[in-house]
Amino acid sequence: MVSTDALTELAAANGSKMIEVFVNARPHLVADKEVSFEQVVALAFPGQTPGADTEYIVTYTRAQHGNESGSLAPGQGIRVKKGTSFGVQTTTRS
Amino acid sequence: MDDLTRLLNEGYDVELRDGYLVVHDVPYVTADKTVARGQFVMPATMAGDILTTPPDHTTHFAGSEPCDNDGRRLAKVIHGMQVSDLLPGLRTNFYFSAKPPEGNYRNYYDKVTIYVDLLSRWARRIDTRATARTYPVHEVADDDYPFAYRDSSSSRAGTTSLNSIFRGMRIAIVGLGGTGSHILDLVAKSPVAEIHLYDGDVFINHNAFRAPGAADINELRAQPNKAEHWAAQYSRIKRGIIAHPTYFEVETVAEVAGFNFVFLALDDGSDRQGIVAALEAADMSFIDVGMGVTDTGAGLTGMVRVSTSTPGRRVPIPAGGTAPDEYQSNIQIGDLNALNAALAVLQWKRHLGFYADMASDMPAFAYPVSDNTINRLSV
């Protein structure tokens, strides 16, 4: 796993106010306070195009006050803070 | 709790037979100072199927003359030798009369336990392990009984009346993979009438590592159909399990129309959306389960999902779609299968009122493994 400290230092060095969040237990830096369903899916599977008819489930925990935990539907977003954690999966196996 | 249930729960080998209460396997001491086993036979006074108050303080006894640990006959217990054939194949040899100070026993529990102790306390002097509480396991002869043997777990816990919720129910489990087999493991221990299992696949090695129990290597070598394999396994405890060794298709929904509940534990490759649409059109109540697991590089994470769809409240069921192979992970872990199954069965029982429910309605939720929380899904 990439060191989160290293990422945060990198962001600080660039002078940007990046926010550290987690997607499927991996750290990512996002520029916006609001993160969308589509962004989270893209972060989970970087550099790859998700199947258009594949339905991902996106959950979040430790989001901004008032949105502690829940889920995102396509097109929805959530205000994040440092440490907000997302889960992304296709939940179709048994 | 009625006296018969209480005696059974405490391990006494008692049965009701043709109007008599029979107590088996009672240790006593014979004249030659050895421990033998005898039986009490006493008239059973019933109110419906419940034992009430014994008509008197006497009982018949099948065995030789009971003695103390020195071989002296129990004169205070034995009224006399009396051969009786009250029940076919069970000849009694003695008639006992041990009268309690109050004249009669208050109930059958007291009568049985006191008579047992009057004999067995001498047997314990010779063999300290001698007990009438043998916790016997008998096949249940009643064809209407939902289990192959008595459900002493519910009676010991006092939840037998709550179990009436399940009586007569017909349930289908579609898909007998890791999650479906765990669903069966739990549903088979509730007294539903019928459990129909649908799966066209064969049960092979890797299935055994995600399933409940421990498969025998010879079972694996035979490559049984999953539905037939699990029906055979769980018929050991549950009656009314019916195997359908075929894949569940949209057309199969007609077979389960009128069932009380359907558990969908499908895998990618099945027509989940078509089946869901057909179940909705047939006004069925069902739960769809599913999971996904990925490797973070520093441990696995994943998600298990439970979606409860009833005629009054439908929820969207996600499809696997055609994501490219690199998105698809075939990782599945037995404990996540078991958790997914347990959460699904728990929601079913909540829906039935078996569990008290103080929570707001959760039509669909997911458990993201690395976050260790239950997250409500927007519907």
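Predicted, not measured: the structure shown is a model, and the values here were computed from it.

Caption draft 1: How the structure looks around the overall build of chain A. Counting secondary structure elements, chain A contains two helices and seven strands. Taken across its 94 residues, chain A has 47% of its residues classed as buried. The contacts in chain A between residues at least 6 apart in sequence include a share of 50% that link residues at least 24 apart. Entry remark: accessible area of chain A is about 4700 Å², with carbon and sulfur atoms responsible for 53%.

Caption draft 2: Spotlight on the pattern of salt bridges. Under the definition given, this model contains 22 salt bridges over all chains. Across the pair Arg72(B) and Asp68(B) runs a salt bridge, and its minimum N-O distance is 3.1 Å. One continuous salt-bridge network, built from bridges that share partners, spans Arg93(A), Asp267(B) and Asp268(B).

Caption draft 3: Region of the structure containing the layout of surface pockets. Residues and elements named next belong to chain B. Empty space within the largest pocket amounts to approximately 1200 Å³. Considering only residue class, the lining of the largest pocket consists of 16 nonpolar, eleven polar and ten charged. If you count residues domain by domain, the lining of the largest pocket takes at least three from each of domain 1 (3–124) and domain 2 (152–376). By volume, the second largest pocket is sized at about 540 Å³. If you trace the second largest pocket, you find 27 residues lining it, with Asp-199, Asp-201, Lys-226, Leu-266 and Asp-267 closest to the centre. Grouping the amino acids of the lining of the second largest pocket by side-chain chemistry returns nine nonpolar, nine polar and nine charged.

Caption draft 4: Molecular detail of the interface of chain A and chain B. Listed by partner, the interface residues are 34 residues for chain A and 47 residues for chain B. It is Thr92(A), Arg93(A) and Ser94(A) in chain A that bury the most area against chain B; as a group they hold 29% of the surface buried on that side. Inspection of the chain A/chain B interface yields two salt bridges. For the salt bridge of Asp267(B) with Arg93(A), the shortest nitrogen-to-oxygen distance reads 3.0 Å. Counting across the interface, chain A meets chain B through 20 residue pairs in polar contact (both at pLDDT 80 or more). Those elements giving two or more residues to the side of chain A that touches chain B turn out to be strand S4 (57–61), strand S5 (69–72) and strand S7 (85–89) of chain A. A total of five residues in the side of chain A that touches chain B trace back to one element, the largest contributor, which is S7(A). Split into classes, the residues belonging to the side of chain A that touches chain B amount to eleven nonpolar, 18 polar and five charged.

Caption draft 5: Molecular detail of the UniProt feature "domain: DUF6791" (unreviewed entry) in chain B. As annotated by UniProt and renumbered to match this structure, "domain: DUF6791" (unreviewed entry) occupies residues 2–152 of chain B. Annotated as residues 2–152 of chain B, this span is 18% helix and 34% strand, and its ends, taken at the C-alpha atoms, are 13 Å apart.

Caption draft 6: Focus on the packing of aromatic side chains. All names here are of chain B. By the definition in use, this model includes 18 aromatic pairs over all chains. Here Phe-40 and Phe-61 contribute two aromatic rings whose centre-to-centre distance is 5.6 Å and whose plane-to-plane angle is 55°, an arrangement assigned as tilted. In this pair, Phe-40 is assigned in strand S3 (residues 35–43) and Phe-61 in strand S6 (residues 58–62), connecting sequence segments 21 residues apart. Like Phe-61, Phe-40 is buried. Seen from their ring centres, Phe-96 and Tyr-115 are 6.4 Å apart, and the 20° between their planes marks the pair as stacked. You can see Phe-96 sitting in strand S8 (residues 90–97) and its partner Tyr-115 sitting in helix H2 (residues 108–126), a full 19 residues away along the chain. This pair shows no difference in class: Phe-96 is buried, exactly as Tyr-115 is. Members of the aromatic cluster, connected to one another through ring pairs, are Tyr-28, Phe-40, Phe-61, Phe-96, Tyr-105 and Tyr-115. In this arrangement the basic side chain of Lys-238 is found over the ring face of Phe-147, its NZ or CZ atom lying 5.7 Å from the centre. The ring of Phe-354 is capped by Lys-349, whose NZ or CZ atom sits 5.0 Å from the centre of that ring.

Caption draft 7: Expanded view of the UniProt feature "domain: THIF-type NAD/FAD binding fold" (unreviewed entry) in chain B. In this numbering, the UniProt entry assigns the feature "domain: THIF-type NAD/FAD binding fold" (unreviewed entry) to residues 164–291 of chain B. Annotated as 33% helix and 19% strand, the span residues 164–291 of chain B places its first and last C-alpha atoms 32 Å apart.

Caption draft 8: Summary view of the nonpolar core. Residues and elements named next belong to chain B. In terms of nonpolar packing, the biggest core is built from 43 residues, with Ile-183, Leu-184, Val-187, Ile-195, Leu-197, Phe-263 and Trp-348 touching the most fellow members. With six residues, helix H10 (residues 334–352) is the single largest residue contributor to this core. Those residues within four positions of Val-187 in sequence are excluded, and the remaining contacts are Ile-171, Val-192, Ile-195, Phe-263, Val-345 and Trp-348. Judged by nonpolar contacts, the second largest core, of 33 residues, contains Ala-98, Tyr-108, Tyr-115 and Ala-123.

Caption draft 9: Looking closely at the side chain of His196(B). Residue and element names in this part refer to chain B. Residue placement: His-196 occurs in strand S10 (residues 194–198). A polar contact of 2.8 Å, which involves the side chain of His-196, links it to the side chain of Glu-194. Each residue touching His-196, except ones within four places of it in the same chain, is listed here: Arg-170, Ile-171, Ala-172, Ile-173, Ile-242, His-244 and Phe-259.

Caption draft 10: Expanded view of the sheet that holds S4(A). Residue and element names in this part refer to chain A. Strand order in this open sheet of five strands is S2-S1-S7-S4-S5, and the pairing throughout is mixed. Only two strands of the sheet have a single partner each, and these edge strands are strand S2 (26–30) and S5. For this sheet the average axis-to-axis angle between neighbouring strands, irrespective of direction, equals 30°. The strands that helix H2 (residues 37–44) touches are strand S1 (19–23), S2, S4, S5 and S7; relative to S7, the one it contacts most, it runs at about 75°.

Caption draft 11: Focus on the domain arrangement of chain B. One can read the domain layout of chain B as domain 1 (3–124) and domain 2 (152–376). Each of domain 1 of chain B and domain 2 of chain B has a C-alpha centre, and these two points are 48 Å apart.

Caption draft 12: Representation of the pairing of strand S13 (residues 286–295) of chain B. Residues and elements named next belong to chain B. Most of S13 sits out of view: nine of its ten residues are buried. Bridge count between strand S12 (residues 261–264) and S13: three bridges; the pairing is parallel. Paired with Phe-263 across the strands is Ile-287, a residue of S13. With ten bridges connecting them, S13 and strand S14 (residues 300–309) associate as antiparallel partners. Bridged to Ile-287 within S14 is Thr-308. Hairpin remark: S13 followed by S14, antiparallel, with four residues in the connecting loop; positive phi at Gly-297, about 95°.

Parameters and conventions
- Residues numbered from 1 in each chain as written.
- Chains lettered and ligands numbered in written order.
- Predicted model: local features only at pLDDT ≥ 70, side-chain atom pairs only at ≥ 80, totals over all residues.
- Heavy atoms only, no water.
- Helix = DSSP H or I, 4+ residues; strand = E, 2+ residues; numbered from the N terminus.
- Buried < 20%, exposed > 50% of the residue type's maximum accessible area, 1.4 Å probe, protein only.
- Contact = heavy atoms within 4.5 Å.
- Areas by Shrake-Rupley, 256 points an atom, 1.4 Å probe, with all protein chains shown as cover.
- Salt bridge = Lys/Arg side-chain N within 4 Å of Asp/Glu carboxyl O.
- 1 Å grid on protein atoms, 1.4 Å probe; cavity = no way out; pocket = protein on both sides within 12 Å on 5 of 7 lines; lining within 4 Å.
- Points joined across faces, edges and corners; volume = space filled by probe spheres on them.
- Nonpolar A, V, L, I, M, F, W, Y, C, P; charged D, E, K, R; others polar.
- Domains from an automatic or database assignment.
- Buried area = accessible area lost by both parts, 1.4 Å probe.
- Polar contact = N/O pair within 3.5 Å; in protein donor to acceptor, adjacent residues only side chain to side chain.
- UniProt positions renumbered as here; feature names shortened; annotations may be inferred.
- Phe/Tyr/Trp six-rings, centres within 6.5 Å; stacked < 30°, edge-to-face > 60°.
- Lys NZ or Arg CZ within 6 Å of the ring centre and 35° of its normal.
- Core = buried A, V, L, I, M, F, W, Y, C linked by side-chain atoms within 4.5 Å.
- Pairing = 2+ DSSP bridges.
- Axes fitted to C-alpha atoms, helices over the stretch in contact; angles between N-to-C directions.

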